[in-house]
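Below, each chain spelled out in residue letters.
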Amino acid sequence: MLDLKFIRENPGIVKQGIKNKKEKDTVDDILNLDKKRREFIHKTEELKSKRNSVSQEIGRLKKAGENADGIIAEMKQVSDEIKELDNQLRNVEEKLNDLLKWVPNLPHKSVPVGFSEEENVEVRKWYPEDYDVNENSEYLDHVELGKKLKILDFERGAKITGSGFPVYTGKGATLERALINFMLNYHLRHHGYTEVFPPFLVNADSMLGTGQLPKMAEDMYHCEKDDLYPVPTAEVPITNLHRNEILAESDLPINYVGYSACFRREAGSYGKESKGFLRVHQFNKVEMVKLVKPETSYDELENIVSHAEDILKELKIPYRVLLLCSGDLSFAAAKCYDIETWSPAENKWLEASSCSNFESFQARRANIRFRNETDKKVNYLHTLNGSGLATSRLMVSILENYQTPEGKVIVPKVLQPYTGFSIIG
RNA sequence: GGAGGGGUGGCAGAGUGGUUGAAUGCGGCGGUCUUGAAAACCGUUGAGGUGUUACAGCCUCCGGGGGUUCGAAUCCCUCCCCCUCCGCCA
């Protein structure tokens, strides 16, 4: 959510930001409602002030045993008027809030303006030593390989649940678990995070807090009976841990890392790119979440990206880092880097991580604040998160890059202590 | 799922219709005293909205929402959460 005052004072900047993000511009409607709102506030508060003082007077009269029927009758009218005005005010505020919830975060000034993914900017690329880009191009893709080695079973996943719910079996299951543990441990030991194991279902307030609702409602699973949402990412429960809290400045930065299964409906995305792991409804992800002081958030964004990159370097998987252009930014993000890993069989880069700075956008929605130690003022903090990383696309790159000419898969060295075996097949 | 109890400021804990945004204690901050610290004493200490150049002023908030009343932390309805006991259960 953007600050209403900021919108009021900088409508031009907000409009431009919305345009650059290809979102719907409701600024004029918002400003109109805001004006109405303040008019109602003015009227209703004037009456309330009167009511308060007269009510006190009534109390005094009654105590003194005097008759107050006249002013009580008068106040009854004032009270009705207040009720009516409050209703109208509530109505206006509801409309205003509905609009505000749909206003996207504004792109940071360092974000290139652009309207398609072609306009994303490649920031850097990394290959393991002696990596030959062409070497593995003849190998089996992860679906065929997974089937042959009996480590992935997409068909039975479809049977027991539905398409897009992969099953890991045998050494595949162990490898997946090893990957998750390796990543968690690495972030804990080398990057100073605190581990969180969150619930996988959250309430609507949490989904609103991080910005999945209302805009992404169609992409979320929803358990209607209990009004709970399976998390699309651990970002949601972890960021919302401190919803409606005022933290001490000395608490910051807070660095959390946590694993969760992630559930996404991916509505309307069938067909293209939906093979195997390329698009699934349930996947595993280790997520880094940071709650930081505003002035540090852009440095922290660079940190979080490098933390994700460290994992790929340890795994020796080729990757590239993209700076997303304004039009490709998610609703809540002010700036975002995607990390894509190389898939030789697909002959393309696959998104395995997304690292974003939300500035105060989520903090304002979720009401997460901190108290400045020097001036004692309360202010919104900045939130960030980054995948560190999602295992599904990463697994594609691992299986394909570590494939031997015989169709076996060597387990990356850093994972071997976790798997207990060094080769699959 | 059933029965009962409870949700008040950073924490503990008063307050059951009329200057109560809220006693008191602890904690925090500032000060006096002290070579320094502790103790003691004094003062101060919630958030949001509106408004203002900035103050002031005004309004709202005692789990959330709604209601009764001239007036609600206090009464009513509803939802949520916590605790105790029973039942069920990985």
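Remember, it's a predicted structure, so these values are computed and weren't measured experimentally.

## A look at the sheet that holds strand β14 (residues 378-380)
Moving on, step 1. The strand order across the open sheet built from three strands is β7-β13-β14, with neighbouring strands paired in mixed fashion. The outermost strands of the open sheet, each flanked by one partner alone, are β7 (245-248) and β14. Direction aside, the axes of adjacent strands within the sheet are offset by 35 degrees on average.
Moving on, step 2. Direction of pairing for β7 relative to strand β13 (residues 368-371): parallel, over a ladder of four bridges. Opposite Glu245, over in β13, you have Ile368 as the bridge partner.

## Here we look at the protein's contact with RNA strand B
Moving on, step 1. Every one of the 23 residues lining RNA strand B counts as a neighbour, but Asn52, Ser55, Ser79, Lys83 and Arg371 are closest to it.
Moving on, step 2. Protein-proximal atoms of RNA strand B, defined as those within 4 Å of the protein, fall in sugar or phosphate at a share of 75%.
Moving on, step 3. Contact distances for RNA strand B include 3.2 Å between a phosphate oxygen and a side-chain N or O atom of Arg90.
Moving on, step 4. Elements with a minimum of two residues in the surface near RNA strand B: α1 (4-9), α3 (27-63), α4 (69-101) and β13.
Moving on, step 5. If one sorts the elements of the surface near RNA strand B by residue count, α3 sits on top with twelve residues.
Moving on, step 6. A class-by-class count of the residues in the surface near RNA strand B yields five nonpolar, five polar and 13 charged.

## Examining the pairing of strand β10 (residues 319-323)
Moving on, step 1. Counting buried residues along β10, five of its five residues qualify, which places the element largely inside the surrounding structure.
Moving on, step 2. Of the two faces of β10, the one carrying Tyr319, Val321 and Leu323 and the one carrying Arg320 and Leu322 are both buried.
Moving on, step 3. Relative to β10, strand β1 (residues 121-126) runs antiparallel, the two sharing five bridges. When the bridges of β10 are listed, Trp126 appears paired with Tyr319.

## A few points about the packing of aromatic side chains
Moving on, step 1. Across all of its chains, the model carries 13 aromatic pairs by this definition.
Moving on, step 2. Ring plane angle 50 degrees and centroid distance 6.3 Å describe the contact between Tyr127 and Trp349, whose orientation is recorded as tilted. Taken as a pair, Tyr127 in the loop between β1 and α5 (142-148) and Trp349 in strand β12 (residues 348-357) lie far apart in primary sequence, 222 residues in all.
Moving on, step 3. Of the residues examined, Tyr127 reaches a relative accessible area of 32% and is grouped as partly exposed.
Moving on, step 4. Following the ring pairs from residue to residue traces out a cluster consisting of Tyr127, Tyr131, Trp342 and Trp349.
Moving on, step 5. The ring of Phe421 carries Lys171 above its face, with NZ or CZ at 4.8 Å from the centroid.

## Some remarks on a negative patch on the surface
Moving on, step 1. Taken together, Glu117, Glu118, Glu119, Asp328 and Glu351 make up a surface patch of like negative charges.
Moving on, step 2. Mapped onto the elements, Glu119 comes out in the loop between α4 and β1.

## Digging into the domain arrangement of chain A
Often, the extent of an interface is quoted as the loss of accessible area on bringing the components together.
Moving on, step 1. If you check the domain split of chain A, you get domain 1 (4-101) and domain 2 (117-424).
Moving on, step 2. The distance between the C-alpha centroids of domain 1 and domain 2 comes to 43 Å.
Moving on, step 3. On the side of domain 2, eleven residues touch domain 1, which itself brings five residues to the contact.
Moving on, step 4. With both sides pooled, the region where domain 1 packs onto domain 2 buries about 640 Å², and carbon together with sulfur makes up 47% of that total.

## Things to note about the nonpolar core
Moving on, step 1. Ranked by internal contacts, the top residues of the largest apolar core, which has 58 residues, are Leu315 and Leu394.
Moving on, step 2. The greatest single-element share of this core, amounting to eight residues, is contributed by helix α10 (residues 297-315).
Moving on, step 3. Setting aside its immediate chain neighbours within four residues, Leu315 contacts Leu179, Phe182, Leu394, Ile398, Tyr402, Pro412, Val414 and Leu415.

## Considerations on the pattern of salt bridges
Moving on, step 1. Summed over all chains, the structure comprises 23 salt bridges.
Moving on, step 2. Between Lys215 and Glu23 there is a salt bridge, with the nearest N and O atoms lying 3.4 Å from each other. One end of the pair, Lys215, is in the loop between α8 (204-210) and β6 (228-230); the other, Glu23, is in the loop between α2 (11-20) and α3, with 192 residues separating them in the sequence.
Moving on, step 3. According to the relative accessible area criterion, Lys215 is partly exposed, its value standing at 32%.
Moving on, step 4. Classification of Glu23 by relative accessible area gives partly exposed; the value is 21%.
Moving on, step 5. We note a salt bridge from Arg124 to Glu309, for which the minimum N-O separation is 2.6 Å. Of this pair, Arg124 sits in strand β1 while Glu309 sits in helix α10, placing them 185 residues apart in sequence.
Moving on, step 6. Glu309 sits in the buried class, given a relative accessible area of 4%.
Moving on, step 7. Counted as one network, the salt bridges with shared partners bring together Arg8, Asp34, Arg37, Arg38 and Glu93.

Each value, and the rule that gives it
Residues numbered from 1 in each chain as written. Chains lettered and ligands numbered in written order. Predicted model: local features only at pLDDT ≥ 70, side-chain atom pairs only at ≥ 80, totals over all residues. Heavy atoms only, no water. Pairing = 2+ DSSP bridges. Helix = DSSP H or I, 4+ residues; strand = E, 2+ residues; numbered from the N terminus. Axes fitted to C-alpha atoms, helices over the stretch in contact; angles between N-to-C directions. Near = heavy atom within 4 Å. Polar contact = N/O pair within 3.5 Å; in protein donor to acceptor, adjacent residues only side chain to side chain. Nonpolar A, V, L, I, M, F, W, Y, C, P; charged D, E, K, R; others polar. Buried < 20%, exposed > 50% of the residue type's maximum accessible area, 1.4 Å probe, protein only. Phe/Tyr/Trp six-rings, centres within 6.5 Å; stacked < 30°, edge-to-face > 60°. Lys NZ or Arg CZ within 6 Å of the ring centre and 35° of its normal. Patch = residues over 30% accessible without salt bridge, like charges linked within 9 Å, V, L, I, M, F, W, Y side chains within 5 Å. Areas by Shrake-Rupley, 256 points an atom, 1.4 Å probe, with all protein chains shown as cover. Salt bridge = Lys/Arg side-chain N within 4 Å of Asp/Glu carboxyl O. Lys, Arg positive; Asp, Glu negative; His and termini not counted. Charge placed at Lys NZ, Arg CZ, Asp CG, Glu CD. Domains from an automatic or database assignment. Contact = heavy atoms within 4.5 Å. Buried area = accessible area lost by both parts, 1.4 Å probe. Core = buried A, V, L, I, M, F, W, Y, C linked by side-chain atoms within 4.5 Å.

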